[in-house]
Amino acid sequence: MTDFLADNNLCGQTILKIVSRGNGILADILRLKDTVPPIFRLETKADVLKYGDIIIDLGYLVSSDAFEAKIEKDPALLELDNEVRENYLELLTNFYLLFESVYKYVTELNKFVEEVQEGTYIQMSLESMLFDKEGKQLLTEALYLYGVMLLLIDFHIDGIVRERMLTSFYRYSAIYHHSEAHVDDVCKLFRSTGYTKQKKAASYPVDYFARVSVDSLYVQMVIGTLRSDDIYNQIGSAYPFPEHRTTALSTQASMLVVSLFFYPKVLISDNPMMREITDKFFCDNWVVPVFMGFHINLIEWWDGFKAAKLALGNSIENARVKQIAAEKAPKFEFFVAELGKVHKDGVLTEENILERATKVINLLRDCNVLLRWIILHGIPIGYESVKRTRQVRDIVIVDTKFSATKVLNLLLLVAQLEHKIKELFRKLLDEKRQIWNEYQQEAKERVTELSEVFSGNKPLTRIEKNDNLCRWLETKSAQIGSLNFDEMQFSGRKIIELIRAFEEMLEFHGLESKVQVKEWVHETVSCLHKMLRTGAINEDKLVMVQVIGDLGYAWGIIDNFTPEMQSLIKDDPSTVSQLRAVFLKLSSAMDMPLVRIGQVKSNELLVKVSSYFSGELVAYVQKVLQIIPESVFSILHQIIYLQTNSIKELPTRLEKEKVKEYAQLEERLQVARLTHHMSVLAQGILMMQTTLVGIIRLDPKRLLENGIRKELVREILKTLESNLIFGKANSTKDGALLKSKLQAMAQRLEGIKRSLEYIGDYVNSNGLRVFQEEFSRVLNFATEQECNSFTKAKILNFQSIYQSKEIPIPLRIVEQSNSSNDETFPSITFIGRLANELLHLTDPKTTLYLTATSSWYDLKSHVQILTPETFSVMEKAIGITGLTGLDKVVCFLISENLQKIFKTLKSDLVKSGIRDSLAKTKSDLAPYVKIIPQPVKEYTNLFSRIGKGNANAGILFTCFQKIGQLQLIRRRVQYQLRIAASFHAKQLSECVSVLDGLLADATLDGKATGSCLSHDDDFALPYETVTYSEPLGLYDPYAKIYVTVSPMNNIPLYLTLFTINHIHKLAYSKSVGSLICRKLSDPMDGMPFAISLSTFFFQLHSSKLLSFITKMCQYMNSVIVHCSSVSQGPQQPSKDDLQEIGAAYYLLHTLTRISPRKDEILACIRASCPCWDMIPSMISSVI
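Residues numbered from 1 in each chain as written. Predicted model: local features only at pLDDT ≥ 70, side-chain atom pairs only at ≥ 80, totals over all residues. Heavy atoms only, no water.

A. Structural detail: the sheet that holds strand β6 (residues 855–858). As summarised here, the arrangement of the 3 strands in space is β5-β6-β7, forming an open sheet in which the pairing is antiparallel. The open sheet has two edge strands with one neighbour each: β5 (847–850) and β7 (864–866). Each strand of the sheet is rotated relative to its neighbour by a mean of 40°, with strand direction disregarded. Two strands pair when backbone bridges link them, and β6 and β7 are joined in this way by 2 bridges, in the antiparallel orientation. Following the sheet pairing, W856 is matched in β7 by L866. (Pairing = 2+ DSSP bridges. Helix = DSSP H or I, 4+ residues; strand = E, 2+ residues; numbered from the N terminus. Axes fitted to C-alpha atoms, helices over the stretch in contact; angles between N-to-C directions.)

B. Quick peek at the packing of helix α33 (residues 665–686) against helix α34 (residues 700–723). Two numbers describe how α33 lies on α34: the axes approach to 8 Å, and their chain directions differ by 135°. The pairing of α33 with α34 is recorded here as oblique in orientation. Every residue of α34 that contacts α33 at A682, I685 and L686 is listed here: P700, K701, L703 and L704. Tallied by class, the residues present in the contact of α33 with α34 amount to 6 nonpolar, no polar and 1 charged. (Parallel < 35°, antiparallel > 145°, perpendicular 65-115°, else oblique. Contact = heavy atoms within 4.5 Å. Nonpolar A, V, L, I, M, F, W, Y, C, P; charged D, E, K, R; others polar.)

C. View of the environment of I627. Among the structural elements, I627 can be located in helix α31 (residues 627–646). I627 sits in the buried class, given a relative accessible area of 9%. Other than its neighbours up to four places away in sequence, I627 contacts Q566, I569 and K570. (Buried < 20%, exposed > 50% of the residue type's maximum accessible area, 1.4 Å probe, protein only.)

D. Local environment of helix α4 (residues 75–118). In α4, a bend of some 60° at Y88 exceeds every other bend along the element. By the N-cap criterion, in which a side-chain oxygen at the helix start approaches the backbone nitrogen of a residue two or three places on, α4 is capped by D74, the distance to A76 being 3.0 Å. In the segment just after α4, G119 is the residue with positive phi, at about 85°. (Bend = angle between axes of the 7 residues up to and from the residue. Polar contact = N/O pair within 3.5 Å; in protein donor to acceptor, adjacent residues only side chain to side chain.)

E. The arrangement of the nonpolar core in detail. Core analysis: the largest hydrophobic core is formed by 376 residues, its most contacted members being W286, W302, L1055 and F1096. Broken down by element, this core gets its largest block of residues, 18 residues, from α4. Sequence-distant contacts of L1055, that is, excluding residues within four places in its chain, are made with L905, F960, L1093, F1096, F1097 and F1108. Formed by 5 residues, the second largest nonpolar core is a distinct cluster that contains L848, L850, L859 and C1077. (Core = buried A, V, L, I, M, F, W, Y, C linked by side-chain atoms within 4.5 Å.)

F. Representation of helix α39 (residues 912–925) in the model. Its 14 residues give α39 an end-to-end C-alpha distance of 20 Å, which sits within 8% of 20 Å, the value for a rise of 1.5 Å per residue. Every buried residue of α39 is accounted for by I914, S917, L918, T921 and L925. On an axial view of α39, the arc spanned by its buried residues comes to 100°, and they lie on one face. (Expected span 1.5 Å × (residues − 1). Arc of directions from axis to C-beta.)

G. Quick look at the state of the cysteines. This model, assessed by the stated rule, comprises 0 disulfides. Counting only cysteine sulfurs, C891 is the nearest neighbor of C959, a cysteine outside any disulfide, at a range of 17 Å. In this structure C959 comes out as buried when scored by relative accessible area, which is 4%. There is no disulfide at C1123, and the cysteine sulfur nearest it, in C1171, is 11 Å away. (Disulfide = S-S within 2.5 Å.)

H. Spatial organisation of the pairing of strand β2 (residues 294–297). Taking every second residue as pointing to the same face, both faces of β2 are buried, with F294 and I296 on one and H295 and N297 on the other. Relative to β2, strand β1 (residues 287–291) runs antiparallel, the two sharing 4 bridges. Among the inter-strand pairings, V288 is bridged to a residue of β2, identified as I296. Connecting the antiparallel pair β1 and β2 is a turn made up of 2 residues, with M292 showing a positive phi of about 40°.

I. Spatial organisation of the pattern of salt bridges. Taken as a whole, this structure holds 45 salt bridges when the rule is applied. Where D34 meets K33, a salt bridge forms, and the shortest distance between an N and an O atom there is 3.2 Å. Taking relative accessible area as the criterion, D34 reaches 54% and is therefore assigned exposed. Overall, K33 belongs to the buried group, its relative accessible area being 18%. Through salt bridges with shared partners, a single network forms among E705, R709, R769, E773, E774 and R777. (Salt bridge = Lys/Arg side-chain N within 4 Å of Asp/Glu carboxyl O.)

Shown next as structure tokens:
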């Protein structure tokens, strides 16, 4: 019979591919379990209220039409549903493909079993496959892997969450509704089982496993094989002693436990078989490691099965548990003492390892068996719902005197010894030929020298010349020299003959009394023995150490020892080098999933699976070693305090009399002591050699730097989130409070930066670079998450380019509703809270912006609230990245308000009443050079006719005011960025400015010649330039397209009437040089309103703006003519009319200064209003 796994054996290759694919699916389950979208859990009240109407379970399939109709009728639900589809469809597809891959796996397995039974594979049957060593391993693994897939999915992804994701996928992905898809079958397989980590049905998971039936004969034969055979040949090789039988069979015991759920009849009623299984596999253990951190406690899982519970009862009786625990307890001290002896210098060396290997391996075997039992049975495994589970564990803890520190100490000693043994054996295997040749040369030289002694050339005391013995020794020397390493079998027999010959030489020639000769011969024989042992070295011992040292069962559980590990490191940082051996020992857990993938020669799958498990192990190593960066930062806090508050910074020049004052010897000594302690901690982690964990090379230097970065991120977040917390939006406006918070934050962050620079040399890290990178990453991530509120296509936490698995940003996303307050928006991060505070402080209803001082003042008290200095302090606190992020949030807010305006206008202008009124108004005002009598009264009536019964006018006014307010904030941010760039990046700023100019010229030239710049990927320079120009402040916030809109009629006329209706509230004040409100009871700030008009019309074609200017000039001309006619009579023009002219004039005048189209505006004004230049003198009496 050919090799079962030979390339030409179709049957073997088919089942091998199925099993390897199963291992890949298990890795995918563990990888995806951490990416379940939180909204599908519906854990919070907010999520239920927001998404509860669109995310439902599989009950949707019963009433899908009614459900879809409900969503279609509600525009808000429809928009939210589309948003969820856009954001989560890709992730839902990944989960569906995972679930479908499990279904396809069991389908292919059933098909394979059916083909084998039908004789598709010549000379192959289930019986013959189970007779083959590889065949029975693969058949049993295939069933076991399917069971593990089902258990892991149910354990890590709640049933109701699975149903919601499957339902959403079914709704959103029409592509999978064709006949070849398995959506219905997948939904049936993975509908909720009712299992939770706190509750489990008595017969679980029997019904779950039976949803897709597996051939009964195949299942029974697998159970029979697992029950009777040692399929991995562990008893005869790695665990020859009877007391280690359950450990030797532990792997197939796990497989048997899972396989029995496919044939529950044995668990329920087959008492003899269950008794046999329990006696063979579970006579002294009851906790079964299933797969990579998933464990089954048989006391709980067999509690609902009569025969299984009865059979297990003998193993978990109090007396039996006490007996087992009593046998284990004294072994701890004994093994620790024995390991201590072996660890002594000189006990294990290259010279004597071969002699002591068997004894040391036996010791390691006993220690690992003890560790396995105590770790599995002494530590809680998940939620213990059965009372008996807790009782048995309590007995184990008391009778073994369980101590995590004691167990960890034994684990450390065992891991170090295993690592040392492996290194010695690897070195011997690598240098086997060289060592053998050295021993051969030494033996030959000794025999040659001895022959010279008997020849008389090198006479020794009382040694007579003996020519015959001399010739005999020369012959033996030649024989030793002729031994060939490549012919080890022949050379071995020859070496044995030589050893006997030398022993006989001492007897026959009476040389035993000659001490010198006897010693010479013994040393020669010793060299020959070493040649024998060296020649016999192979990988068997290395493999045995690897097998008995397996720590895969502790994957996940080992986390319970993390506090003890960290305590050891904190007390003695050099312990890290000892823990390295434990981490390498833990990597053995990856062996089993990768073996079959390696055999099938699928490099892509091998890299994918090994990358995941290696990454998980590296993450755990980082978690354990994170105590060093934590300790470094606890010391750093003290250094920061001393650097910030105690130690004065030395000036460039220092007077002699002040040297003592600046010396501060005590403070500097304290800093030196703290620095030394910190360097010792850092040295501890750097002592760990570069280690290959799976396929990831673990560099201690990078590990330390990542740890420091992780702590730095926490510290930065703590500083930002604790300082950027403000009162309610309706609280008193206090710009000084914001400034003081920003100053405190800037001082704190500067202290962190200075201290990181200071300790850089002591922890082998570039402190300034680390600070700048992590500070920018935190702010960029916060900005990105804040901007998610404004976009439909959201960037989820794990999808962000700023988020990292190694150095995560634990940003608290807290949604804060703005309730009915129009000042602010619902913020979720500190960047949003800062933007909200700026909006609150600069609210146009309560403040006035003065261009002359670039500051905001309280409308009533005239107290300065926000000044340019505040933005300067803000730049010091949150840096260029923070200001850029704030600017981005403000941009989104402007865009949101503009969209609201256009949406409102679109709905208003299509209403028949408003449309007809505007048409009539348009005809009444035409032509626009026409003078309207009684203009103030007439225009007021016109607007009231349009706005009658229209509640949207107030919304429009609020949005316009908000846009102007946001643009002013953005202008201050842009100015601060520009100033910072001129100081810190002058050359870069100038280069980008020149490049912007060149690109603008090229664009204009292209338009003139009809050959515009290419927008292909090959010419991405204009887009890349933006990423530089915005942080440098090289942009005009007023000259930006925020939204794209479709053409609408009558916008200029509507906005003219709207503007005239609101400038009644404004009057120009010469003392402040700005438009202010006429009455405090009707507040309004003119500057934001003018800026909002400029921004609004910049989103439209320039003709719309010029039409608006023309109509505004018509109104102003009409008011001027009206005032002139009044002044010619006995009366003088009213103050209100003159203020009306002044408000309109300075509104248009402001537009000529701030608008990007100011030249066109001014030309239009001069053409439409002939007396434009005379208006200031006309209204001088009222300003």
